[in-house]
There are 2 protein chains.
Amino acid sequence: MAFKDLDPLLHNQLRLSIISLLIGVESAEFKYLLDKTEATRGNLSVQITKLKDAGYVDVKKTFRNNYPLTTCKITAKGVDAFEKYVDAISGYLNK
Amino acid sequence: MAFKDLDPLLHNQLRLSIISLLIGVESAEFKYLLDKTEATRGNLSVQITKLKDAGYVDVKKTFRNNYPLTTCKITAKGVDAFEKYVDAISGYLNK
DNA sequence: ATAAATTAGTTTATTCTATAAACCTAATTA
DNA sequence: TAATTAGGTTTATAGAATAAACTAATTTAT
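I will try to describe carefully the structure that is included in this document. (Residues numbered from 1 in each chain as written. Chains lettered and ligands numbered in written order. Predicted model: local features only at pLDDT ≥ 70, side-chain atom pairs only at ≥ 80, totals over all residues. Heavy atoms only, no water.)

Before going further, it helps to spend a moment on the pairing of strand 3 (residues 67-74) of chain B. Residues in a regular strand point their side chains to alternate faces of the sheet. Residue and element names in this part refer to chain B. Relative to strand 3, strand 1 (residues 28-29) runs antiparallel, the two being bridged by two bridges. Looking at the pairing, A28 lines up with C72 of strand 3. Taking the residues that link successive antiparallel strands as the turn, the strand 2 (residues 57-64)-strand 3 hairpin has two residues, and the phi of N65 there is positive, at about 55°. (Pairing = 2+ DSSP bridges. Helix = DSSP H or I, 4+ residues; strand = E, 2+ residues; numbered from the N terminus.)

In structure tokens:
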């Protein structure tokens, strides 16, 4: 029972929160993720970008009521990575 | 269901491996942890020291066959922290 | 009309962390 | 006596995390 590698991208509290939230919904707005994670805007912005660059989430930038609106949606790749992560870390948890 | 904080000390692959291994045994030698984790000696040494400084493990330094021998044992505080960590991260995993 | 505050983020600068590489001391073997 | 091995520790550097500062436009108050 060797330890499996933990995807460094997901092994981060905020990014894991984001993915965890996105798993449960069709898509989520920046503000929604901000409220749920209680992160700072800057940190949230950075971590969303990393997840986007990895292909784990799709980010759509539009406008609503004249204000910018950022919407995030987990990709198939993201779902897959999350499932692998859950499987891997489970190996660390059950003694 | 807010996200609980993940103890930064345990939210690290190698340190979590160490604790995970120590949970299952009475005590473990440096070499044993080295083999099981497949870490470098340097990194293992550093991370054991951090766990010791946090009071999560007791480290005993003796000699065997004239060679230094480092033995690690998880403390009650370490067990407690691990259980809290398992509880916290579980909240991220089940969608 | 213009100053102040709000929305919705991004960029940057700094601190913190992780890790490999280098090092150390003593013992053993060639 | 010179490598090699055992069993680690220390340090140097790269990378990651995050708060603070910034951008750009909109709305509200004066």
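Here the narrative resumes.
Residue and element names in this part refer to chain B. For the pair helix 1 (residues 13-23) and helix 3 (residues 41-53), interaxial distance at closest approach is 10 Å and the crossing angle is 70°. It follows that helix 1 is roughly perpendicular to helix 3 by the angle criterion. As helix 1 runs across helix 3, the sense of the crossing is right-handed. Between helix 1 and helix 3, the residues in contact are L14, R15, I18 and I19 and N43, L44, Q47, I48, K50 and L51, respectively. Residue classes in the contact of helix 1 with helix 3 are distributed as six nonpolar, two polar and two charged. (Axes fitted to C-alpha atoms, helices over the stretch in contact; angles between N-to-C directions. Parallel < 35°, antiparallel > 145°, perpendicular 65-115°, else oblique. Left-handed = near helix turned anticlockwise from the far one by under 90°. Contact = heavy atoms within 4.5 Å. Nonpolar A, V, L, I, M, F, W, Y, C, P; charged D, E, K, R; others polar.)

One key point about sheets: their strands pair by backbone hydrogen bonds, in either a parallel or an antiparallel sense. All names here are of chain A. Pairing is antiparallel across the open sheet formed by three strands, whose spatial order is 1-3-2. One side of each edge strand has no neighbouring strand; the edge strands of this open sheet are strand 1 (28-29) and strand 2 (57-64). Where strand 2 meets strand 3 (residues 67-74), eight bridges bridge the pair, whose relative direction is antiparallel. Across the sheet, V59 pairs through a bridge with C72, a residue of strand 3. Helix 1 (residues 13-23) contacts strand 1, strand 2 and strand 3 of the sheet and is inclined by roughly 80° relative to strand 3.

Around DNA strand D there are 21 residues in total, and A:R15, B:S45, B:K61, B:P68 and B:T70 lie nearest to it. Within 4 Å of the protein, atoms of DNA strand D come from sugar and phosphate in 69% of cases. Measuring from a phosphate oxygen of DNA strand D, one finds a side-chain N or O atom of B:K61 at 2.6 Å. Take B:T70: an N or O atom from its side chain is 2.2 Å from a phosphate oxygen of DNA strand D. When contributions to the surface near DNA strand D are tallied by element, the ones reaching two or more residues are helix 3 (41-53) of chain A together with helix 3 and strand 3 of chain B. By residue number, the principal contributor to the surface near DNA strand D is helix 3 of chain A, which donates five residues. A per-class count over the surface near DNA strand D returns seven nonpolar, 10 polar and four charged. (Near = heavy atom within 4 Å. Polar contact = N/O pair within 3.5 Å; in protein donor to acceptor, adjacent residues only side chain to side chain.)

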